[in-house]
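Here's the letter readout for the chains.
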Amino acid sequence: MNKPEKETTVDQQIRRRTFISFGLFGVYVAGAVGAWRWLYKSPNEVPGITSGAHAPLRKALNKTEIFFRRLAFNESHLVKTYPKEMAAKKVRFNSDIGTEGVLPPEQWTLQVTKKNGQVLKISLDQIKQLPKTEIIYDFKCVEGWDQISHWGGLKFADFIKHFGLEEEAKMDFVGMETPDQKYYVGIDMPSALHPQTLLAYEMNEKSLPGRHGQPLRLIIPVKYGIKNLKRIGNITFSNTRPHDYWAELGYDYYSGL
Ligand SMILES: Nc1nc2c(c(=O)[nH]1)N[C@H]1C(S)=C(S)[C@@H](COP(=O)(O)O)O[C@H]1N2
Ligand SMILES: [Mo]
């Protein structure tokens, strides 16, 4: 007598639970759709520096980058070096945006903009008079090749000290451009000040050839080739990311190894 009644109760319970489940699922879907619409309608990141993404996504990427940078980057951690004999005699060359031909060294000066707006004009001789640092390491290009190569020049950290740029070095970034401003990179200060970062004027113990960035190029072993700007024309300092040729085309801004 009680049985059918009891069955109805179970039935009702099942229906109620199904109803609750669908209800919760609906809330979940609405939430997901809402989140997607929020992201879809969110503003794009500030244009010019990286290649375009919704601001919240870029923010997440930048946070991740900072996290891994702090975890992995250590000033005293040196990139592996090799004996001189292992350096390639025929050095690979990769793209020459802003470095076509040979620039007569007397037509060149390095222009450095200080925090107060003052522009230093530094000659190649001034740089060559300072102690030279050499490095033989495995240069890596994002296109998938690498090569042990031998470079000589002025340590960037020594350049900062000698030219009294300590205040500038407290800023977050260094920007470098070719004299024609066709190729440009932004470098975070810890990587620029890394003890293996050079303003190089020699390759295999000879003056840099035109296509390898004569008269002065950046050699920054903690970064991929794209950041190793050939033929530096000017240097600036900032607390925001300087523009960067390959980052604008979607490559990783940090491009560290
Ligand atoms: N000015 C300038 N610097 C540049 C480039 C360029 O096209 N123009 N190419 C970069 C890339 S992608 C690489 S791999 C290295 C290659 O240096 P290399 O030609 O001396 O091997 O230079 C970097 N610096
Ligand atoms: Mo490259």
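Bear in mind that the values here come from a model prediction, so they are computed numbers and not experimental data.

Caption draft 1: Structural view of the overall build of the protein chain. Assigned secondary structure in the protein chain consists of 7 helices and 10 strands. Principal-axis analysis of the C-alpha atoms places the extent of the protein chain at approximately 110 × 45 × 35 Å. Within the span of the protein chain, comprising 257 residues, buried residues form 40% of the whole. Considering only contacts within the protein chain whose residues lie at least 6 apart along the sequence, 67% involve residues at least 24 apart. Accessible surface for the protein chain amounts to roughly 15000 Å². Of this, 57% is attributable to carbon and sulfur atoms. The centroid of the 35 positive side-chain charges in the protein chain is displaced by 5 Å from the centroid of its 28 negative side-chain charges.

Caption draft 2: Main features of a nonpolar patch on the surface. Taken together, the side chains of Phe22, Phe25, Tyr28, Val29 and Val33 define a hydrophobic patch exposed on the protein surface, amounting to about 550 Å² of accessible area. Following the sequence through the fold, Val33 ends up in helix α1 (residues 3-41).

Caption draft 3: Summary view of the sheet that holds strand β2 (residues 119-122). Reading across from one edge, β2-β1-β10-β5-β6 is the order of the 5 strands in this open sheet, with mixed pairing throughout. Looking at strand neighbours, the two that pair on one side only are β2 and β6 (184-188), the edges of this open sheet. Direction aside, the axes of adjacent strands within the sheet are offset by 20° on average. Sheet topology places strand β1 (residues 110-113) next to strand β10 (residues 234-238); 2 bridges connect them, and they run parallel. Across the sheet, residue Val112 finds its bridge partner in β10, namely Ile235.

Caption draft 4: Representation of the pairing of strand β4 (residues 146-155) within the structure. By the criterion of burial, β4 is predominantly enclosed, with 8 of the 10 residues buried. Of the pairings in the sheet, the one linking strand β3 (residues 133-140) to β4 comprises 8 bridges and is antiparallel in character. From the neighbouring strand, Ile135 faces β4, where its bridge partner is Trp151. Counting the residues in the hairpin turn of β3 and β4 gives 5 residues, including Gly144, whose phi is positive at 110°.

Conventions used here
- Residues numbered from 1 in each chain as written.
- Chains lettered and ligands numbered in written order.
- Predicted model: local features only at pLDDT ≥ 70, side-chain atom pairs only at ≥ 80, totals over all residues.
- Heavy atoms only, no water.
- Helix = DSSP H or I, 4+ residues; strand = E, 2+ residues; numbered from the N terminus.
- Buried < 20%, exposed > 50% of the residue type's maximum accessible area, 1.4 Å probe, protein only.
- Contact = heavy atoms within 4.5 Å.
- Areas by Shrake-Rupley, 256 points an atom, 1.4 Å probe, with all protein chains shown as cover.
- Lys, Arg positive; Asp, Glu negative; His and termini not counted.
- Charge placed at Lys NZ, Arg CZ, Asp CG, Glu CD.
- Patch = residues over 30% accessible without salt bridge, like charges linked within 9 Å, V, L, I, M, F, W, Y side chains within 5 Å.
- Salt bridge = Lys/Arg side-chain N within 4 Å of Asp/Glu carboxyl O.
- Pairing = 2+ DSSP bridges.
- Axes fitted to C-alpha atoms, helices over the stretch in contact; angles between N-to-C directions.

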